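# Overview (structure and organization)
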Amino acid sequence: VQTCLNTHMSLPHTPSIFEKIIKREISADIVYEDADFIVIADIKPIQPGHVLVIPKTPFPDFVSADAVTIAEGSKLCQKIARGLLKLPKVKGINVITNNGAAAGQSVFHLHWHVIPRHEGDNFPMWHGSAESASLQAETCAYLKKILIDE
Ligand code: AMP
């Protein structure tokens, strides 16, 4: 019966925590807002000034969003990054969007993290290994093909 329901009926949309923030149903430190985006302070910042750039349209993730949203969101991230870099302690910025649970996404409403970094703050980032080099070549060969074909 469940399979039948899922196949023939669209499931109701469950609003994410970010939609509730946009609708002011949950409070947050809103840093910026316009017609299409909201920027909020991350509740668990890596450094002070760690914010989330969130489109008001609830795309679940980066790959499902339209090109205009990606372009405008990226511009807003750049504006924030330029501002943060004027602060004396801020020596670098990470702009990250996690796409999918396997990549660490926990809120399924597209958002970019803009994270100011301090010299030697030692926040752990990923480090690759040379062992994956042959698989890397194989997957990049696939990418070279699809980027020409599509
Ligand atoms: P991600 O794991 O990439 O989906 O990132 C989700 C981010 O949202 C995390 O860094 C959380 O700390 C942050 N977050 C979750 N709930 C809230 C909230 N109510 N207000 C602000 N940030 C939040």
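Up top you'll find the structure we're talking about.
The structure displayed is predicted, hence computed values, not measured ones. (Residues numbered from 1 in each chain as written. Predicted model: local features only at pLDDT ≥ 70, side-chain atom pairs only at ≥ 80, totals over all residues. Heavy atoms only, no water.)

The subject of this paragraph is the site of the ligand. Inspection of the region around the ligand gives 16 residues, with D42, N98, S106, V107 and H113 positioned closest. Taking D42, its side chain carries an N or O atom lying 2.5 Å from an oxygen atom of the ligand. Notes on the ligand: free accessible area 500 Å², of which the protein chains cover 84%. If you map the ligand onto the pockets, it falls in the largest pocket. Listed by contribution, the elements that provide at least two residues to the shell around the ligand are helix 2 (17-22) and strand 2 (37-41). For the shell around the ligand, the element with the highest residue contribution is helix 2, accounting for three residues. In terms of residue class, the shell around the ligand is made up of eight nonpolar, six polar and two charged. (Near = heavy atom within 4 Å. Polar contact = N/O pair within 3.5 Å; in protein donor to acceptor, adjacent residues only side chain to side chain. Areas by Shrake-Rupley, 256 points an atom, 1.4 Å probe, with all protein chains shown as cover. 1 Å grid on protein atoms, 1.4 Å probe; cavity = no way out; pocket = protein on both sides within 12 Å on 5 of 7 lines; lining within 4 Å. Sits in = over half its atoms within 2 Å of the grid points. Helix = DSSP H or I, 4+ residues; strand = E, 2+ residues; numbered from the N terminus. Nonpolar A, V, L, I, M, F, W, Y, C, P; charged D, E, K, R; others polar.)

The residue D61 is located in the loop between strand 3 (51-55) and helix 3 (67-84) in this model. One buried charge, D61, has no salt-bridge partner; the nearest side chain with opposite charge is K23, at 19 Å. Those residues in contact with D61 that sit more than four places away from it in its chain are N99, Q105 and L110. (Buried < 20%, exposed > 50% of the residue type's maximum accessible area, 1.4 Å probe, protein only. Lys, Arg positive; Asp, Glu negative; His and termini not counted. Salt bridge = Lys/Arg side-chain N within 4 Å of Asp/Glu carboxyl O. Contact = heavy atoms within 4.5 Å.)

Mapped onto the elements, T57 comes out in the loop between strand 3 and helix 3. Counting along the chain gives 17 residues from T57 to S74, while the straight-line C-alpha distance between them is 15 Å.

Once that is clear, we can look at the layout of surface pockets. Unoccupied space between atoms shows up once a probe the size of one water molecule is rolled over them. In this structure, the largest pocket occupies an estimated 410 Å³ of space. In this structure, the largest pocket is lined by 20 residues; those nearest its centre are F18, D42, I43, L52 and V107. Looking at the lining of the largest pocket, the elements with two or more residues in it are helix 2 and strand 2. For the lining of the largest pocket, the element with the most residues is helix 2, which contributes three residues. Here the residues of the lining of the largest pocket sort into 10 nonpolar, seven polar and three charged. (Points joined across faces, edges and corners; volume = space filled by probe spheres on them.)

Attention now moves to helix 3. An α-helical turn contains 3.6 residues, so a residue and the one three or four places further along point in the same direction. In a regular helix each residue adds 1.5 Å, so 18 residues correspond to 26 Å; helix 3 covers 26 Å between its end C-alpha atoms and thus fits that length. The set of residues buried in helix 3 consists of T69, G73, L76, C77, I80, A81 and L84. Across the axial projection of helix 3, the buried residues extend over an arc of 140°, all falling on one side. Facing away from the buried side of helix 3 by over 90 degrees, the exposed positions are A67, V68, K79 and R82. The backbone nitrogen of V68 lies 3.0 Å from a side-chain oxygen of the residue at the head of helix 3, namely D66. (Expected span 1.5 Å × (residues − 1). Arc of directions from axis to C-beta.)

This part is about the nonpolar core. One finds V39, V53, L76, I80, W112 and V114 to be the most contacted residues of the largest nonpolar core, which totals 15 residues. Listing elements by their share of this core, those giving two or more residues are strand 2, strand 3, helix 3 and strand 5 (112-118). The leading source of residues in this core is helix 3, at five residues. Those residues in contact with L76, other than ones at most four positions away along the chain, are Y32, F37, V39 and V53. With eight residues, the next largest nonpolar core counts F18, I21, I22 and V107 among its residues. (Core = buried A, V, L, I, M, F, W, Y, C linked by side-chain atoms within 4.5 Å.)

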